[in-house]
Amino acid sequence: MPAQTIDEVILRLEQIISDAITTGNRAGYFAALYHKVTCRVKEGIAIGEFQDGPRMEKLDVVFANRYIAAYDAWTAKNKAAVSLSWQIAFTQLQKRSVLVLQHLLLGMNAHINLDLGIAVVEIAKELNTPLQQIHQDFNSINTILAALSYEVINELDRISPLLSLLGKHSGNNSLLIQFALSNARDGAWCFAEDLYNNGNTIASRDQDIHKLGGSIVTTQGFIRFTVLIIHLFELKSPSRITSILRNYQKTYIKVH
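Here the structure is a predicted model, which is why all the values come from computation and not from measurement.

> Could you give an account of the side chain of D137, with specific residues and numbers?
Locating D137 in the fold gives a position in helix α6 (residues 135-154). D137 gets classed as buried once you look at its relative accessible area, which sits at 1%. Excluding residues within four positions of it along the chain, D137 makes contact with F50, Q51, D52, R55 and M56.

> Account for the packing of helix α1 (residues 6-23) against helix α12 (residues 238-247), naming residues and giving values.
Two elements in contact, α1 and α12, have axes separated by 7 Å at closest approach and are oriented at 150°. Every pair of crossing elements has a handedness; the one defined by α1 and α12 is left-handed. Residue-level inspection shows I17, A20 and I21 of α1 in contact with α12, the latter providing S239, T242, S243 and R246. Across the contact of α1 with α12, the residue classes tally to three nonpolar, three polar and one charged.

> Break down the nonpolar core for me, citing the residues and quoting the values.
Judged by nonpolar contacts, the single largest core of 74 residues is most densely connected at Y67, W86 and L245. For this core, the leading source of residues is helix α5 (residues 100-126), giving 16 residues. Ignoring anything within four residues of it in the chain, the contact list for W86 reads F30, Y67, A70, G107, A110, H111 and D115.

> Hey, could you go over unusual backbone geometry for me, with residue numbers and the actual values?
In the Ramachandran plot, K77 falls in the positive-phi region, its phi being about 65° despite a non-glycine side chain. Looking at the secondary structure, you find K77 in the loop between α3 (53-75) and α4 (84-91). Residue classification places K77 among the exposed residues on the basis of a relative accessible area of 76%. One non-glycine residue, N128, adopts positive backbone phi at about 55°. Relative to the elements of secondary structure, N128 occurs in the loop between α5 and α6. Looking at N128, the relative accessible area reads 71%, which means it is exposed.

> Summarise the packing of aromatic side chains; cite the residues concerned and give the values.
Going through the model one piece at a time under the given rule, you end up with eleven aromatic pairs. On the numbers, 6.0 Å between centres and 85° between planes, the contact of Y34 with F63 is edge-to-face. Of this pair, Y34 sits in helix α2 (residues 27-46) while F63 sits in helix α3; the two residues are 29 residues apart in sequence, bridging distant segments of the chain. Measuring from centroid to centroid gives 5.7 Å for W74 and F90, while their planes differ by 35°, and the two rings are tilted. Here F90 lies in helix α4 and W74 lies in helix α3, a separation of 16 residues in the sequence. The class for W74 is partly exposed, based on a relative accessible area of 23%. For F90, a relative accessible area of 4% translates into the label buried. The rings of F30, Y34, F63, Y67, Y71, W74, W86 and F90 are connected pair by pair, giving a single aromatic cluster.

> Outline the environment of A3, supporting the account with residue identities and numerical values.
Checked against the element boundaries, A3 lands in the segment before α1. Take A3: its relative accessible area is 10%, and that puts it in the buried class. C-alpha of A3 to C-alpha of A69: the two residues are 66 residues apart in sequence and 9.9 Å apart in space. If we ignore the near neighbours within four places in the chain, the residues touching A3 are E8, V9, V61 and N65.

> Please set out the packing of α1 against α2 residue by residue, giving values where relevant.
Direction vectors running N to C along α1 and α2 enclose 160°, while the axes themselves pass 9 Å from each other. The angle between the axes of α1 and α2 places the two elements in the roughly antiparallel class. Once α1 is placed against α2, the crossing between them reads as left-handed. Residues I6, D7, V9, I10, L13, E14, I16, I17 and A20 of α1 pack against G28, A31, A32, Y34, H35, T38, C39, V41, K42 and I45 of α2.

> Quick rundown of helix α10 (residues 202-217)? Include the residues and the values.
Over its 16 residues, α10 extends 23 Å from the first C-alpha to the last, a length consistent with the 22 Å expected when each residue adds 1.5 Å. Those residues of α10 that fall on the buried side of the exposure criterion are R205, D206, I209, G213, G214 and I216.

> So what's going on with the pattern of salt bridges? Which residues, and what values?
Evaluation of the coordinates by the stated rule reveals six salt bridges. Taking the shortest distance from any N to any O, the salt bridge between R40 and E49 comes out at 2.7 Å. The pair R40 / E49 is uniform in exposure class, with both members buried. Residue R55 pairs with D137 through a salt bridge whose shortest N-O separation is 3.2 Å. Of this pair, R55 sits in helix α3 while D137 sits in helix α6, and the two are 82 residues apart along the sequence. R55 gets classed as buried once you look at its relative accessible area, which sits at 9%.

Parameters at a glance
Residues numbered from 1 in each chain as written. Predicted model: local features only at pLDDT ≥ 70, side-chain atom pairs only at ≥ 80, totals over all residues. Heavy atoms only, no water. Helix = DSSP H or I, 4+ residues; strand = E, 2+ residues; numbered from the N terminus. Buried < 20%, exposed > 50% of the residue type's maximum accessible area, 1.4 Å probe, protein only. Contact = heavy atoms within 4.5 Å. Axes fitted to C-alpha atoms, helices over the stretch in contact; angles between N-to-C directions. Left-handed = near helix turned anticlockwise from the far one by under 90°. Nonpolar A, V, L, I, M, F, W, Y, C, P; charged D, E, K, R; others polar. Core = buried A, V, L, I, M, F, W, Y, C linked by side-chain atoms within 4.5 Å. Phe/Tyr/Trp six-rings, centres within 6.5 Å; stacked < 30°, edge-to-face > 60°. Parallel < 35°, antiparallel > 145°, perpendicular 65-115°, else oblique. Expected span 1.5 Å × (residues − 1). Salt bridge = Lys/Arg side-chain N within 4 Å of Asp/Glu carboxyl O.

Function cannot be read off these values alone, since they describe shape.
Encoded structure:
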């Protein structure tokens, strides 16, 4: 059953993290990051930080359920029920050569660039609310996700001590530049507007985001060589990596 409350979302994410640590599943990387985001949203709702707390919880739950449903369908080997954007993220979980950073970016790519716009439109229509009225809360959840993502990425030294090489040597082809979260946020909102006003754009959007996911893991030339060097010195135990990501203590981030 889909989660009905933000507490149920948090519990489900904790189950995914726990299973990933037990089985050595790299799916725990994104789940650990997303758990922090969801706990932060819950905290923000409790202190009245959002424009509409109850609506934000609905948005958070609908948004999270898209990831959870995709993960459950993939785990059940029901590939047809998984978007192309999530398929590429889950497929890479089996590959040892993919950096932890790349796994995180693949999850954010599918969830922000595809799922978030769909979730916002679903909530707007369910509540019979003009889409523009949700824009502020949309930006708030993106602010949290982006800020926590960058915090985690900046704290990956324990996991990937040579990760800084990527920024130094990749120039305009940097994975971080290809997946600039500010651009992802703007693109997700434009997608939401198109979906709200015109409908029937999900399939084409999914194909585009799948291609973007491919660019995150398909590196060439000197970038490819740099990624290989970084990987050589990165921790290799998925269970240990997930535990580190889960236990990382975040800084409090205001959304306004």
